[in-house]
Amino acid sequence: MKPSPMAMRPWQRAVYRALRALFEVLCRIVWRMEVDGRDRLPATGPYVIAPVHRSNVDFAVVGAAVPRVVRFMAKDAVWKVRIAGWFVEQMGSFPVNRDQADRAALRRCEESLAQGDPVVYDIRYHPFQTSTSDMALGVSTIYPGKVGDEYHMTKGHFHVRMDQPEIYFCVRGTGFLLMESKEGDFQVAEWRPGTITHIPPQYAHRVVNTGPEPLIWVASYHLAAGHDYEPIIARGFAKIVVEKDGQPVFLPNPRRPNSS
Ligand SMILES: [Fe+2]
């Protein structure tokens, strides 16, 4: 039987494991990384990891924290630097085009899971047509948890087409939708199952899971809207959502000293 193109060769898995072990040592010494709950990860069989994605290196930290070989769905821009694309591919990553319906990436994701490998990221995306003049429907999940005191959240983005709005429909779980314009107008919508929120044009948006269960929502937007993550990576939102005495509270973003 012909092997799946997604199958990793034994030497690739050996190199992955060696690099992973080295990086874990680095994380523990330099950044004092601690891993809680590693023993609860399945020792065999596929599963999906949906980490908080706040920087361009957090995928590697996730890889260091998970003892098995993990397959990464990575943005296709990585493959524009040939050596970088070659390397991450040898380590089991595969590209996804985040600006359109990338069915090939989803198929690779399914093939990886079928081989029993864990996959990082939970994305389900459905364009109604292949034309960029049509609508898209996405279903996203944030699993419960915190990094330090800060609740799990999405990376957050503006739309490339700033005139494009979006509709979110909360299906399960509880949390908050943060919205902020480039001029600094900050708004919050509290979410529970059934909440529908209209994200106006010009507003960045981020979802935060403050509840004990997965927060799942449906997003409807124009295919031409596009996603611009860079301003959020650089500045975050005006407020962060942290746990205090068991409750979510909003604090000024310490990276933005003028926020209040
Ligand atoms: Fe959006």
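Caption draft 1: Region of interest: the overall build of the protein chain. The secondary structure content of the protein chain amounts to 5 helices and 16 strands. Across the 260 residues in the protein chain, those meeting the buried criterion constitute 24%. Across the protein chain, contacts joining residues at least 24 apart in sequence account for 67% of those joining residues at least 6 apart.

Caption draft 2: Quick look at the packing of helix α1 (residues 10-30) against helix α2 (residues 58-65). At a minimum axis distance of 8 Å, the contact between α1 and α2 shows a crossing angle of 105°. Considering their axes alone, α1 and α2 lie roughly perpendicular with respect to each other. Counted together, Arg 20, Phe 23, Glu 24 and Cys 27 of α1 and Ala 60, Val 61, Gly 63 and Ala 64 of α2 form the full contact between these two elements. Considered class by class, the residues forming the contact of α1 with α2 number 5 nonpolar, 1 polar and 2 charged.

Caption draft 3: The arrangement of the sheet that holds strand β13 (residues 203-209) in detail. Judged by pairing direction, the sheet is antiparallel, and its 3 strands sit side by side in the order β11-β10-β13 without closing on themselves. Each edge of the open sheet is held by one strand with a lone partner, namely β11 (186-191) and β13. Sheet twist, expressed as the mean angle between neighbouring strand axes with direction ignored, is 20°.

Caption draft 4: Inspection of unusual backbone geometry at higher detail. Backbone geometry places Arg 32, a non-glycine residue, at a positive phi of 55°. Along the chain, the position of Arg 32 falls in the loop between α1 and β1 (48-49). Although it is not a glycine, Asp 245 sits at a positive phi angle of roughly 55°. Position of Asp 245 among the secondary structure elements: in the loop between β15 (239-244) and β16 (247-252). With 5 C-beta atoms counted inside 10 Å, the residue Asp 245 sits in the exposed group.

Caption draft 5: Layout of the nonpolar core. In this structure, Phe 176, Leu 177, Leu 178, Met 179, Val 207 and Val 208 are the most contacted members of the largest nonpolar core, which totals 21 residues. If you list the elements that add at least two residues to this core, you get β9 (166-172), β10 (175-181), β13, β14 (215-222) and β15. What Leu 178 contacts, discounting residues up to four positions off in sequence, is Val 188, His 205, Arg 206, Val 208, Phe 237 and Lys 239. Counting 9 residues, the second-largest nonpolar core is a separate cluster that includes Val 70, Met 73, Ala 105 and Cys 109.

Caption draft 6: The arrangement of the environment of Lys 239 in detail. Tracing the sequence through the fold places Lys 239 in strand β15. On the basis of neighbour count, Lys 239 is assigned to the buried category, with 20 C-beta atoms found within 10 Å. As a C-alpha pair, Lys 239 and Arg 255 span 16 residues in sequence and 9.7 Å in three-dimensional space.

Caption draft 7: Quick look at the environment of Ala 204. Tracing the backbone through its elements, the reader meets Ala 204 in strand β13. Once you skip the residues sitting within four places of it in the chain, Ala 204 turns out to touch Gly 156, His 157, Phe 158, Met 179, Glu 180, Pro 231 and Ile 232.

Caption draft 8: Representation of the pairing of β13. Counting buried positions over the 7 residues of β13 gives 6, a clear majority of the element. Where β10 lies against β13, 7 bridges are found, and the strand directions are antiparallel. Note that in β13 the partner of Gly 175 across the bridge is Asn 209.

Caption draft 9: Geometry of the environment of Asp 39. The residue Asp 39 is located in the loop between α1 and β1 in this model. Using a count of 8 C-beta atoms within 10 Å as the deciding quantity, one classes Asp 39 as exposed. On a C-alpha basis, the gap between Asp 39 and Val 66 in space is 9.9 Å, while along the polypeptide they are 27 residues apart.

What counts as what
- Residues numbered from 1 in each chain as written.
- Predicted model: local features only at pLDDT ≥ 70, side-chain atom pairs only at ≥ 80, totals over all residues.
- Helix = DSSP H or I, 4+ residues; strand = E, 2+ residues; numbered from the N terminus.
- Buried ≥ 20, exposed ≤ 12 C-beta atoms within 10 Å, placed from the backbone.
- Contact = placed C-beta atoms within 7 Å.
- Axes fitted to C-alpha atoms, helices over the stretch in contact; angles between N-to-C directions.
- Parallel < 35°, antiparallel > 145°, perpendicular 65-115°, else oblique.
- Nonpolar A, V, L, I, M, F, W, Y, C, P; charged D, E, K, R; others polar.
- Pairing = 2+ DSSP bridges.
- Core = buried A, V, L, I, M, F, W, Y, C linked by C-beta atoms within 7 Å.

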